[in-house]
Amino acid sequence: MKELPDNTPEYTPVEKHGDIWLKRDDLYCIAGVRGGKVRSCWHLSQGAKGLITASNRHSPQQIIVSYIAKRMKIPARIHLASGSKTEEMERATKAGAELFQHKMGYNSVICARAHTDATQHEGWTEIPFGMCSLLAIEGNATQTKNLPKRKDIKRIVVPVGSGIALSGIILGIQKYRKDLKDTPIIGVMVGADRHKLIDRFAPFGWRQHATLVHAGMDYSKPQNNVTIGNGVELDPYYEAKAAPQVQPGDLFWIVGIR
């Protein structure tokens, strides 16, 4: 497959599609992968001799890390839970990454394995699970600068995987877009409950401004061929499951697409 051309704007575009707005962070592209997490991974990876990360077997994290490592001509090591090989794992392998599967358990198990592995590889960079880093949060915060004015949007709807994108959006509104401080934010959790993680990373008092709801769908089962607006394709594990929450007048933040 021909690699997508790089597209790294300072601010990813905001588009009006009928009666909804779309924040197109999925249009940020480098090394053939797209989205806000790609932007974070690219910046975290600079100067590394190799990359190590932990990833859910269905998560695009392993694809992002392996593709960026390939672009940088450095090795990548991915730690995952045991189980059958997924399409995402196959793509990471084809990009040259080494995959290590561990006995099923909490995500903390594979994260610990990745961290231990990173300490044994001098000069390698550990890419945090879910891109949980202050750099990633600030990167998302900056992207709020080109959101529409308060009078133009009713709510902001965001898919929540790790919760880092939502944490950044809340921070960005506090730092750069105080005019949006009264705009309701709906975070649609497509996997585990993320209240405690967002407590760690989002500004104090975030629960007064944002509400988390469950998508009500099994994370491991994709919702394929879902589009929004004028035919914008959505990621089957994240945005596609959050899209039913979008109402007329909302801004839907598209974090990325595998």
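Provided above is the structure to which this section pertains.
None of the values given here were measured: they were computed from a predicted structure.

Scoring rules and cut-offs
Position labels on residues start from 1 in each chain and follow its written sequence. The model is predicted, so local features are restricted to residues of pLDDT at least 70 and side-chain atom pairs to those at 80 or more, both for listing and for counting; the totals for chains, interfaces and linings are taken over all residues. As a rule here, side-chain values come from all non-hydrogen atoms in the structure, and water together with hydrogens is ignored. In this description, strands pair whenever DSSP reports at least two bridges between them. Numbering of helices and strands starts at the N terminus; helices are DSSP runs of H or I of at least 4 residues and strands are runs of E of at least 2. Orientation is described by axes fitted as lines to C-alpha atoms, over the contacting stretch for helices, and by angles from 0 to 180 degrees between their N-to-C directions. Stacked, tilted and edge-to-face are the three classes assigned to paired rings of Phe, Tyr and Trp, where Trp is represented by its six-membered ring and a pair needs centres within 6.5 Å; plane angles under 30 degrees give stacked, over 60 edge-to-face, the rest tilted. Here the term buried applies to any residue with accessible area under 20% of the maximum for its type, exposed to any over 50%, and partly exposed to those in between, with areas from a 1.4 Å probe on protein chains only. Here a helix's expected span is defined as the number of its residues, less one, multiplied by 1.5 Å. Between two residues, a contact is recorded if the distance between any of their heavy atoms is within 4.5 Å. Convention used here: angles under 35 degrees read as roughly parallel, angles over 145 as roughly antiparallel, angles from 65 to 115 as roughly perpendicular, and any remaining angle as oblique. Definitions for this section: a left-handed crossing has its near helix turned counterclockwise from the far helix by less than a right angle. A right-handed crossing has that turn clockwise. Ten residue types, Ala, Val, Leu, Ile, Met, Phe, Trp, Tyr, Cys and Pro, are classed as nonpolar, four, Asp, Glu, Lys and Arg, as charged, and the remainder, Gly among them, as polar.

Enquirer: Give a detailed account of the sheet that holds strand 1 (residues 14-17), specifying residues and quantitative values.
Expert: The strand order across the open sheet formed by six strands is 1-2-14-9-10-11, and the pairing between neighbours is mixed. Each edge of the sheet is formed by a strand with only one pairing partner; in this case those strands are strand 1 and strand 11 (210-214). Sheet twist, expressed as the average angle between the axes of neighbouring strands with direction ignored, equals 25 degrees. Pairing between strand 9 (residues 156-160) and strand 14 (residues 251-254): two bridges, direction parallel. By the bridge assignment for strand 14, Ile156 is matched with Leu251.

Enquirer: Give me the lowdown on unusual backbone geometry, citing residues and values where you can.
Expert: A positive phi angle is found at Ala31, which is not glycine, with a value near 60 degrees. Structurally, Ala31 is set in the loop between strand 3 (29-30) and strand 4 (33-35). With phi around 60 degrees, Lys73 is a residue other than glycine that occupies positive phi space. Secondary-structure assignment places Lys73 in the loop between helix 2 (61-72) and strand 6 (76-81).

Enquirer: Outline the pairing of strand 1, listing residues and values.
Expert: Relative to strand 2 (residues 20-24), strand 1 runs antiparallel, the two sharing four bridges. Its bridge partner being in strand 2, Val14 is matched across the sheet by Lys23. Hairpin connection between strand 1 and strand 2: a loop of two residues separates the two successive antiparallel strands, and Gly18 in this loop has a positive phi of roughly 65 degrees.

Enquirer: Could you give an account of the packing of aromatic side chains, with specific residues and numbers?
Expert: Overall, the coordinates contain two aromatic pairs when judged by the stated rule. On the basis of an interplanar angle of 50 degrees and a centroid distance of 5.8 Å, the ring pair of Tyr219 and Tyr237 is categorised as tilted. One end of the pair, Tyr219, is in the loop between strand 11 and strand 12 (227-228); the other, Tyr237, is in the loop between strand 13 (232-233) and helix 8 (239-242), and 18 residues separate them in sequence. For the pair Tyr219 and Tyr237, one class covers both residues: buried.

Enquirer: Give a description of helix 6 (residues 164-175) that names residues and reports values.
Expert: Compared with an ideal rise of 1.5 Å per residue, which puts 12 residues at 16 Å, helix 6 spans 16 Å between its outermost C-alpha atoms and is within 8% of the ideal. For helix 6, the buried fraction is high: 10 of the 12 residues fall into the buried class. Its buried side turned inward, helix 6 meets helix 5 (134-142), strand 9, strand 10 (185-189), helix 7 (195-201), strand 11 and strand 14.

Enquirer: I'd like a description of the sheet that holds strand 8 (residues 125-127), backed by residues and values.
Expert: With respect to topology, four strands assemble into an open sheet ordered 7-6-5-8, the strand pairing being parallel. Looking along the sheet, the strands with just one partner apiece sit at the ends: strand 7 (98-102) and strand 8. Each strand axis lies, on average, 20 degrees off the axis of its neighbour in the sheet, ignoring direction. For strand 6 and strand 7, the ladder comprises five bridges, and the chain directions are parallel. The residue of strand 7 that forms the bridge with His79 is Phe100.

Enquirer: So what's going on with the packing of helix 1 (residues 36-45) against helix 2? Residues and values would help.
Expert: At a minimum axis separation of 10 Å, helix 1 and helix 2 run at an interaxial angle of 45 degrees. Between helix 1 and helix 2, the angle falls in the class oblique. Viewed along their axes, helix 1 and helix 2 form a crossing whose handedness is right-handed. Contacts between helix 1 and helix 2 involve Lys37, Val38, Cys41, Trp42 and Ser45 from the former and Ile64, Val65, Ile68, Arg71 and Met72 from the latter. Looking at the contact of helix 1 with helix 2 residue by residue, the class counts come to seven nonpolar, one polar and two charged.

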